[in-house]
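# Survey of secondary and tertiary structure
Residue-level listing of the chains:
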Amino acid sequence: MSATSIISSGSETLDAWTRRSPPKIRIDLSGQKPGLVNSYTTAESIDGTATITVEQETRFDGIEIIFEGT
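Residues numbered from 1 in each chain as written. Predicted model: local features only at pLDDT ≥ 70, side-chain atom pairs only at ≥ 80, totals over all residues. Heavy atoms only, no water.

### A word on the overall build of the protein
Here is the rule: Secondary structure elements are defined from DSSP: runs of H or I of at least 4 residues count as helices, runs of E of at least 2 residues count as strands, and each element is numbered from the N terminus. Each residue is placed in one exposure class: buried if its accessible area under a 1.4 Å probe, protein chains only, is under 20% of its type's maximum, exposed if it is over 50%, and partly exposed if it falls in between. Residue contacts follow a heavy-atom distance rule, with two residues in contact if any of their heavy atoms lie within 4.5 Å. Values of accessible area rely on a 1.4 Å probe in the Shrake-Rupley scheme; residue burial ignores everything except the protein chains shown.
A tally of regular secondary structure across the protein gives two helices and two strands. Each helix (α) and strand (β) of the protein, taken in turn from the N terminus, gives the series α-α-β-β. A buried classification covers 1% of the 70 residues belonging to the protein. Contacts in the protein between residues at least 24 apart in sequence constitute 46% of all its contacts with a sequence separation of at least 6. Summing over all exposed atoms, the protein offers an accessible surface of approximately 7,000 Å²; the carbon and sulfur share of this is 54%.

Written as structure tokens, this is what we have:
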């Protein structure tokens, strides 16, 4: 008789408990008009709210938000 390891027999279950999901990010910019593609120029002010939701404890200095244009 041999004992079955919890880790080897249920690795999918263990993986589900230990897997880190990516943060959920919602950015709401003030003054956006539905249906329009808004554009901004260099040095133009952009106001709004960024909401970041995580499932595990996350250091604030580990979060970076970049507005990048083309």
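### A word on the pattern of salt bridges
Side chains that carry opposite charge are capable of pairing whenever their charged atoms lie near each other. To keep it simple, the criterion reads: For salt bridges, the criterion is a side-chain nitrogen of Lys or Arg within 4 Å of an Asp or Glu carboxyl oxygen.
Summed over the entire model, instances satisfying the criterion amount to two salt bridges. Notably, a salt bridge pairs E55 with K24, separated by 3.5 Å at the nearest N-O pair. Taken as a pair, E55 in the segment after strand 2 (48-53) and K24 in strand 1 (residues 24-29) lie far apart in primary sequence, 31 residues in all. Owing to a relative accessible area of 47%, K24 belongs among the partly exposed residues under this scheme. Linking R26 and D28 is a salt bridge whose minimum nitrogen-to-oxygen distance equals 2.9 Å.

### Side note on the confidence of the model for the protein
Applied cut-off: The quantity known as pLDDT measures the predictor's confidence residue by residue, on a range of 0 to 100.
Per-residue confidence for the protein averages 75 on the pLDDT scale, and 73% of its residues sit at or above 70. Across the protein, element-level confidence peaks in strand 2 with a mean pLDDT of 89 and bottoms out in helix 1 (residues 6-9) with 52.

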